[in-house]
Amino acid sequence: MKVNLLYPDRDFDPQQPLPWNESDLIQDLELNVLFNSMAQGDKFLFDVARRVILTSETDLEIIRYRQQVLQDCLNNPEIIRELYQIPLQAIENKRKRWLGIFTHYPAGVLSSGLEMMAMFVELLLRLRRMADEHSSRFTSPGFRNFFAIIQRELNDEFFGVVEDHIKALRFREGVLISAELGRGNEGIHYTLRKPNPRNGSWLEEIFRARPPEYSFSLHPRDEQGARALGEIKDRAINQVANAVAQSAEHIDHYLAMLRGELAFYIGCLNLFEQVRELGHPLTFPEPYPLGERRHTVRGLYDISLALTMKKKVVGNDVNGDGKDLVIITGANQGGKSTFLRSIGQAQIMMQCGMFVAADHFAANLCSGIFTHYKRQEDSSMKSGKLDEELGRMSAIADHIRPQGLMLFNESFAATNEREGSEIARQITQALLDRQIKVFFVTHQFTFADGFYQKGLENALFLRAERKSGGGRTYKLFEGQPLQTSFGEDVYRAVFEDHPQPLSK
């Protein structure tokens, strides 16, 4: 049996490698805020959310498949949370009741396997009842197939057979074993046999003619004899014990996969409920194939900022269809970096099949998402800040591929305007030549204006809005780069509105 809630044709691999720039993505896009909101203190939910979100998909069908499954979860949150309790109950029951890991004797393995099977049967029966009761409420191919498999495989005949086997293997009426005599009259080929069937009432069984039987009894204090019989029994039931243990492990693996795949959707439910409580919109994005330049957003906002501030934040509208380059300039503290972060967050959320933080989001898929943000000064650095920036860019160049998405935030500003602009220009042009989409937040006028003067049809220029009095709206609009970033507005806000005391 397969779960197939994250992929239509395979199981989720919890050990799949994460992207090499995992730490940069988490830091620059503030993804830990997202993971923590999804996990709600549950380490397992955190790990699953982190792994699924960071391993972006580039297959449109898989993304749409997950979107449909997630929509079913949003329509039936109580059922999904109840379903998630089944594998959690299996884990709790195993912790309390299963002792198979402490023994290597066949009798102990069989006993523990039967204990697990009996526990699993209860949970599987609960799962089948949920499928019978609720399957009609689900419309996604993922859940329709999930419930159909449960109803087909876990039918009444399955439960009847399993119950009969469990009952028989408890050996309430003793163990029937056959054997052969080998060299030196040593017993060989010990084989467990099915008990002889009863063909009548207990009275008929008593008076029925039987062939002669040969038996012996052990003295209650005959420890050696008891040990010898125990060894014979273990040799006979060894194969059966292994088969029962393997069957239990198979069901255990299925329930573990169910827990892992449902955990992602439980995290999505947690996030959805928190964001909706803040009054923010969420929408399922429209993904487009690699190489098809689409990027239209309405009301796009930074979801990590909203979750951190616990209040409504400003969203932005941008039409970037047909654009390979988006350069963002304008007033300091005007929302440029926040917008860039929202672009990266939405892209990575779309490519794992989630909803995104916007009224509308449509974009092409990317072969990979990369960030190059300015870093704080580090006293432990053995080289200059520019060298450190170029070193990170070199590592990105080794990994980025055509149709990737590159996000720059005030990069290459650790040197003078002329050199920094030239470095940014050459790197940006090289990325564009490799069909890589670039978003670049910058204060370097020479760099931004240089691309603006080229009049490129595939370039879009956005500017952070500034009111006449210096106020910030945190909105972006299409506009030509300006030579000033209005740093004096920030100065006045800090020093004139909050005068500093004179030192003595």
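What counts and how
- Residue numbering note: each chain is counted from 1, following its sequence as written.
- Under the rules for a predicted model, residues below a pLDDT of 70 receive no local features and side-chain atom pairs below 80 are neither given nor counted, while totals for whole chains, interfaces and linings still include all residues.
- Heavy atoms throughout the structure, all of them, feed into the side-chain values; hydrogens and water do not.
- The way it works is that DSSP assigns letters per residue, a run of H or I at least four long becomes a helix, a run of E at least two long becomes a strand, and they are numbered from the N terminus.
- Here a residue-residue contact requires only that any non-hydrogen atoms of the pair lie within 4.5 Å.
- Here, Shrake-Rupley sampling with a 1.4 Å probe gives the accessible areas, and only protein chains in the shown set may cover a residue.
- A pair of strands is considered paired only if DSSP assigns at least 2 bridges between the two.
- Between N-to-C directions, angles cover 0 to 180 degrees, with each direction set by a line fitted to C-alpha atoms, over the stretch in contact for helices.
- A pairing counts as a salt bridge when a side-chain nitrogen of Lys or Arg comes within 4 Å of a carboxyl oxygen of Asp or Glu.
- Only protein chains enter the calculation, and the probe is 1.4 Å; a residue is then buried if its accessible area is under 20% of its type maximum, exposed if over 50%, and partly exposed in between.
- Here the expected length of a helix is defined as 1.5 Å per residue gap, with one fewer gap than residues.
- To obtain the arc, one takes the directions from the helix axis to the C-beta atoms.
- The set of buried Ala, Val, Leu, Ile, Met, Phe, Trp, Tyr and Cys residues whose side-chain atoms join them within 4.5 Å is what this entry labels a nonpolar core.
- Roughly parallel means an angle under 35 degrees; roughly antiparallel, over 145; roughly perpendicular, 65 to 115; everything else is oblique.
- If you view the pair so one helix is near and one far, a crossing is left-handed when the near helix is turned anticlockwise from the far one by less than a right angle, and right-handed when it is turned clockwise.
- As a working rule, the residues Ala, Val, Leu, Ile, Met, Phe, Trp, Tyr, Cys and Pro are called nonpolar, Asp, Glu, Lys and Arg charged, and the rest polar, with Gly in that last group.
- In this analysis, rings of Phe, Tyr and Trp, with Trp reduced to its six-membered ring, are considered paired at centre separations within 6.5 Å, and the interplanar angle assigns stacked below 30 degrees, edge-to-face beyond 60, and tilted for intermediate values.
- Either the NZ atom of lysine or the CZ atom of arginine qualifies as a charge over a ring when it sits within 6 Å of the ring centre and within 35 degrees of the ring normal.

*Asks:* If you had to explain the overall build of the chain to someone new, which residues and values would you point to?
*Replies:* Within the chain, the regular secondary structure consists of 16 helices and twelve strands. Partitioning the contacts of the chain with sequence separation of at least 6, the portion at a separation of at least 24 is 75%. Only carbon and sulfur atoms are counted for the fraction: they give 50% of the accessible area of the chain, which is about 26600 Å².

*Asks:* So, the sheet that holds strand β8 (residues 369-373): which residues are in play, and what are the values?
*Replies:* Hydrogen bonds between backbone atoms are what pair the strands of a sheet, whose relative direction is either parallel or antiparallel. What the six strands build is an open sheet, ordered β8-β9-β10-β6-β11-β12; its pairing is mixed. Two strands lie at the open edges of the sheet, namely β8 and β12 (472-478), each paired on one side alone. Strand-to-strand twist in this sheet, taken as the mean axis angle between neighbours without regard to direction, amounts to 15 degrees. As judged from the six bridges shared by strand β6 (residues 325-330) and strand β11 (residues 459-466), these two strands associate in the parallel manner. Along β11, the bridge assignment pairs Ile327 with Phe461. In this fold helix α15 (residues 445-453) packs onto β6, β10 (437-441) and β11, with an angle of close to 130 degrees to the strand it touches most, β6.

*Asks:* Residue-level account of the pattern of salt bridges, with values.
*Replies:* Inspection of the entire model under this criterion finds 20 salt bridges. Asp321 serves as the salt-bridge partner of Arg294, at 3.4 Å between the closest nitrogen and oxygen. Taken together, the residues span a long stretch of sequence, with Arg294 in the loop between β3 (286-288) and β4 (295-300) and Asp321 in the loop between β5 (316-319) and β6 at a distance of 27 residues. The exposure class of Arg294 is partly exposed, given its relative accessible area of 24%.

*Asks:* Mind laying out the pairing of β10, listing which residues take part and the relevant values?
*Replies:* Of all five residues in β10, five are buried; the element is thus mostly enclosed. Residue alternation in β10 divides its side chains into two sets, Lys437, Phe439 and Val441 and Val438 and Phe440, and both sets are buried. Examined bridge by bridge, β6 and β10 share four bridges and lie parallel to one another. Paired with Leu325 across the bridge in β10 is Val438.

*Asks:* Quick rundown of helix α7 (residues 141-153)? Include the residues and the values.
*Replies:* The end-to-end C-alpha distance of α7, which contains 13 residues, comes to 18 Å, matching closely the 18 Å that a straight helix rising 1.5 Å per residue would cover. Gly142, Phe143, Phe146, Phe147, Ile149 and Ile150 are the residues of α7 that are buried. Buried residues of α7, viewed axially, fall in a sector of 155 degrees; they line one side.

*Asks:* Mind laying out the environment of Pro19, listing which residues take part and the relevant values?
*Replies:* Note that Pro19 resides in the segment before α1 (22-28). A residue is classified by how much of its surface remains accessible, and Pro19, at 24% relative accessible area, is partly exposed. On a C-alpha basis, the gap between Pro19 and Phe370 in space is 10.0 Å, while along the polypeptide they are 351 residues apart.

*Asks:* Explain the nonpolar core to me, and be specific about the residues and the numbers.
*Replies:* Core analysis: the largest hydrophobic core is formed by 107 residues, its most contacted members being Phe143, Phe146, Phe264, Leu271, Ile303, Met354 and Phe355. Among the elements that line this core, the one with the most residues is helix α10 (residues 223-277), at 16 residues. Non-local contacts of Phe146, meaning those with residues more than four positions away in its chain, are made with Val3, Leu5, Leu83, Leu127, Tyr254 and Leu258. Counting 21 residues, the second-largest nonpolar core is a separate cluster that includes Leu325, Leu432, Val438 and Ala459.

*Asks:* So what about helix α2 (residues 31-39)? Which residues, and what values?
*Replies:* All of the buried residues along α2 are Leu31, Leu34, Phe35, Ser37, Met38 and Ala39. Just past α2, the residue Gln40 takes up positive phi, approximately 55 degrees.

*Asks:* Would you mind going over unusual backbone geometry in detail, with residue names and values included?
*Replies:* Even without being a glycine, Asn4 presents a positive backbone phi close to 55 degrees. The topology assignment puts Asn4 in the segment before α1. Backbone geometry at Glu410 places phi at a positive 55 degrees, although glycine is not the residue there. In this fold, Glu410 is placed in the loop between β9 (405-409) and α14 (417-433). With relative accessibility at 17%, the residue Glu410 sits in the buried group.

*Asks:* So what's going on with the packing of α2 against helix α3 (residues 43-54)? Residues and values would help.
*Replies:* As a packed pair, α2 and α3 sit with axes 8 Å apart at the nearest point and diverge in direction by 130 degrees. With respect to each other, α2 and α3 are oriented oblique. Here α2 and α3 pass one another in a crossing that is right-handed. Note on element contacts: α3 touches α2 through Leu45, Phe46, Ala49, Arg50, Ile53 and Leu54, opposite Leu31, Asn32, Leu34, Phe35, Asn36, Met38 and Ala39. A class-by-class count of the residues in the contact of α2 with α3 yields ten nonpolar, two polar and one charged.

*Asks:* Tell me about the packing of aromatic side chains, and please be specific about residues and values.
*Replies:* Tallied over the full model, the rule gives 14 aromatic pairs. When the ring of Phe143 is compared with that of Phe146, the centres are 6.1 Å apart and the planes differ by 85 degrees; the resulting orientation is edge-to-face. In this pair, Phe143 and Phe146 are both assigned in helix α7, three residues apart and thus about one turn of the helix distant. Exposure class is identical for Phe143 and Phe146. Each is buried. Taken together through their ring pairs, the aromatic side chains of Phe408, Phe412, Phe440, Phe447 and Phe451 make up a single cluster. The residue whose ring lies beneath Arg66 is Tyr7, and the NZ or CZ to ring-centre distance is 4.8 Å.

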